[in-house]
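# Structural features, examined
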Amino acid sequence: MMNQKQMNQEQNQQAAEQSQQRAEEKKKRQETKAQFAEMMGQVQELNALGKYAEAAKLASQAVALEPMNARAYTWWGLSLVKSGKTPEALEKFDQSSRLDPNQTKNYYYWGLALLLDKHSEQAIDKFENALLLDPENSKAYASWGVALNHLGKYDEAIKKLEEALAQNSYNQQAYGVLVDAHFHRGQYQQAWEVAARARKNKITIAQASLKRLSDASPEPR
């Protein structure tokens, strides 16, 4: 049988081993966290450089390191969208939302992916969620307007696009789609007024939109 001294020594040794194990585990977590942060930074850089396939591959590796990180799934999805792999991207945005349902960017990019996949009604739901989290998000309002425009709901689209411009008077997308929405409603005067507002803010409207409008009703002088 062990005496008290031997028992104390064994307990001390066990405590030291447990402490060392915890320290090693902590160090490993910190190294993993640092590696993950570096990889996500590289994912963003690759996207900025237009290297979307590489970004998607690296994002998948980042997810393998941190499988519960919602932001990594969002960036993976975004990289896949830009790589032309929209159906796969939709799965990543969905997974990101399951991990963290309070991400404005995830809902916004998810909505854009759905728009690209011609699912305008579903896209609207995502833009609405984005705006619940960030009520002053001009891009989300503009994209909601785009979806409504695709659905032929021009009056509703005009309201969302004007809200986008109320939040950011330099939102180029909003001006272009707003001109088109007024055109489809036969509101040529209003369309030219939007074009004039755009010019005042040094925003370029697509030449095709302006030509179509000009053919229907010459610009007032």
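Here goes a summary of the coordinates provided. This structure is a prediction, so every number in the text was calculated from the model and none was measured.

The full count for this structure, using the stated rule, is 5 aromatic pairs. On the basis of an interplanar angle of 10° and a centroid distance of 6.2 Å, the ring pair of Tyr107 and Trp110 is categorised as stacked. Here the residue Tyr107 and the residue Trp110 both occupy positions in helix α5 (residues 104–116), the gap between them amounting to 3 residues, near one helical turn. The residues Tyr107 and Trp110 share a single accessibility class, namely buried. An aromatic cluster is defined as three or more aromatic residues linked by ring pairs; in this entry it consists of Tyr108, Tyr109 and Phe127. In this structure, Lys92 is placed above the aromatic ring of Trp76, and the distance from its NZ or CZ to the ring centre is 3.9 Å. Positioned above the aromatic ring of Trp110 is the side chain of Lys126, whose terminal nitrogen or guanidinium carbon lies 3.8 Å from the ring centre.

For helix α6 (residues 120–133), with 14 residues, the first-to-last C-alpha span of 20 Å sits near the 20 Å given by 1.5 Å per residue. Where α6 is concerned, the buried positions are Ser120, Ala123, Ile124, Lys126, Phe127, Ala130 and Leu131. Along the long axis of α6, the arc covered by the buried residues comes to 165°, so they all point the same way. The elements touched by buried residues of α6 are α5 and α7 (138–150).

Each value, and the rule that gives it
Think of each chain on its own: its residues are numbered from 1, step by step along the sequence as written. Local features in this predicted model are restricted to residues of pLDDT 70 or higher, and side-chain atom pairs are both shown and tallied only at a pLDDT of 80 or more, whereas totals for entire chains, interfaces and linings draw on every residue. Neither water nor hydrogens contribute to the side-chain values; these are computed over all heavy atoms in the structure. Here is the rule: rings of Phe, Tyr and Trp (six-membered ring for Trp) pair when centre to centre is within 6.5 Å. Planes less than 30 degrees apart are stacked, more than 60 are edge-to-face, and the remainder are tilted. A run of H or I in DSSP counts as a helix once it spans at least four residues, and a run of E counts as a strand once it spans at least two, with each numbered from the N terminus. Buried, partly exposed and exposed residues are distinguished by accessible area as a fraction of the type maximum, computed with a 1.4 Å probe on protein chains only: under 20%, between the cut-offs, and over 50%, respectively. Two limits define a charge over a ring: the Lys NZ or Arg CZ must be within 6 Å of the ring centre, and within 35 degrees of the ring normal. Working rule for helices: expected span equals 1.5 Å times residues minus one. Within this analysis, the arc is defined by the directions that extend from the helix axis to the C-beta atoms. Whether two residues are in contact is decided by their heavy atoms: any pair within 4.5 Å suffices.

Geometry only, nothing functional implied.
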